[in-house]
Amino acid sequence: MDSDYYRIKVEEQLNDSTFYSEIPDNIDHLVKRRMNTVLNKYTTATTEKEYDYLKNFERKTSNFFMEIQSAINSQKNEYIKVQHPTVLKLRPIIAGPACPTHRLSNFLDIILKPLCKYVPSYIRDDIDFLSHLPKIAPVHARLVSFDVTSLYTNIPHDLGIEAIQYWIAKHRDAIPNRFTVDFILDSTKLILENNSFYFNGKNYLQHRGTAMGTKFAPTYATLVMGFLEQRLYQEVEK
C-alpha cells in the first residue's frame, strides 16, 4: 500500500474524538505508577510471584496499526496489493506486547475467563461451534450470523464495568475469593482508561472501548455481549 495513503486512512480514524485524543507526551511512566498504586492497594490479591510478574518487566510503548481485512478477504492471497481504493475497511489494532498494562491484562484474563462458560451463546472455537449444530436440520433452514461494528472500540466503559459486576455477582464461586470485586474492577478500569499508543510521531489515548490488541479484550467483549443478551431476554419475556 502507498504509505502516505495508509497514514491518511489511519489518521482519519485517530482524529475521531469519540474514540481517540492526541496527548502531548508519552504517559507510560504514569500508567506504570498508577498500576503500582492498584497493586499496592490490594496486596492480598496476589502472591509474591504474581506481584513480581505484574510489576517488574521492561516496558515498551504500544504501536497503532490497521488491518486491511477487506482486501485480504477479497484477494485470497498471501500477498495483496492495495493502492487507493475508494472503499477500504480498516480494523484498528493497538499492539502492546510489552506496554505497562499488558501483564495485568493477561492476569485479569485468567481471572475472568472462567465466567465465559456461563454465557449461553459463548463459542470457544470452531470445534465447539460444530458441537452446537443440530445433527439434522430442516431442508429450508438458514444459518444466520450477526456482527457488531467495531465491537471492541464501541463498548462504553460504564457498560463494561456493569457487565463484569453482573457476571461476578451471578457466579462468584467461579473466581477465587482473594480476587475481590474491587480489585477486579479497579484493574479493569486501569487497563481501559490508560490505553495509550504511538503513531507517526504522535502520542494518543483511547478513551472509549478497549484495545483489540490487549489480552483480556476477547473475554471482556464476550462478557459484555452476554450481559446485553441477558437484558434482551428479560425484555422479551416481559
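Below, the structure is looked at part by part. Every value quoted in this text rests on a predicted model; they were computed, and no experiment measured them.

This part is about unusual backbone geometry. Residues other than glycine predominantly adopt negative phi, and peptide bonds predominantly adopt the trans conformation. Within the chain, Ser150 stands out as a residue other than glycine whose phi angle is a positive 45 degrees. Counting through the fold element by element, Ser150 comes out in the loop between α6 (126-132) and α7 (157-170). You can call Ser150 partly exposed: its relative accessible area is 39%. Backbone geometry at Asn200 places phi at a positive 50 degrees, although glycine is not the residue there.

Let us now look at the packing of α7 against helix α8 (residues 181-193). α8 packs onto α7 with a crossing angle of 155 degrees between their chain directions and a minimal axis gap of 11 Å. One way to sum up the angle between α7 and α8 is to call them roughly antiparallel. Of the two elements, α7 crosses α8, and the hand of that crossing is right-handed. On α8, the residues touching His157, Ile161, Ile164, Gln165 and Ile168 of α7 are Val181, Ile184, Leu185, Thr188, Lys189, Leu192 and Glu193. Taken together, the residues of the contact of α7 with α8 sort by class into seven nonpolar, three polar and two charged.

Right, let's talk about the environment of Leu159 for a bit. The topology assignment puts Leu159 in helix α7. Residue classification places Leu159 among the buried residues on the basis of a relative accessible area of 18%. In this structure the C-alpha to C-alpha distance between Leu159 and Leu228, which are 69 residues apart in sequence, comes to 9.2 Å. Once residues lying within four places of it in the same chain are set aside, the contact partners of Leu159 are Val224, Phe227, Leu228 and Arg231.

The rules we used
- Residues numbered from 1 in each chain as written.
- Predicted model: local features only at pLDDT ≥ 70, side-chain atom pairs only at ≥ 80, totals over all residues.
- Heavy atoms only, no water.
- Helix = DSSP H or I, 4+ residues; strand = E, 2+ residues; numbered from the N terminus.
- Buried < 20%, exposed > 50% of the residue type's maximum accessible area, 1.4 Å probe, protein only.
- Axes fitted to C-alpha atoms, helices over the stretch in contact; angles between N-to-C directions.
- Parallel < 35°, antiparallel > 145°, perpendicular 65-115°, else oblique.
- Left-handed = near helix turned anticlockwise from the far one by under 90°.
- Contact = heavy atoms within 4.5 Å.
- Nonpolar A, V, L, I, M, F, W, Y, C, P; charged D, E, K, R; others polar.

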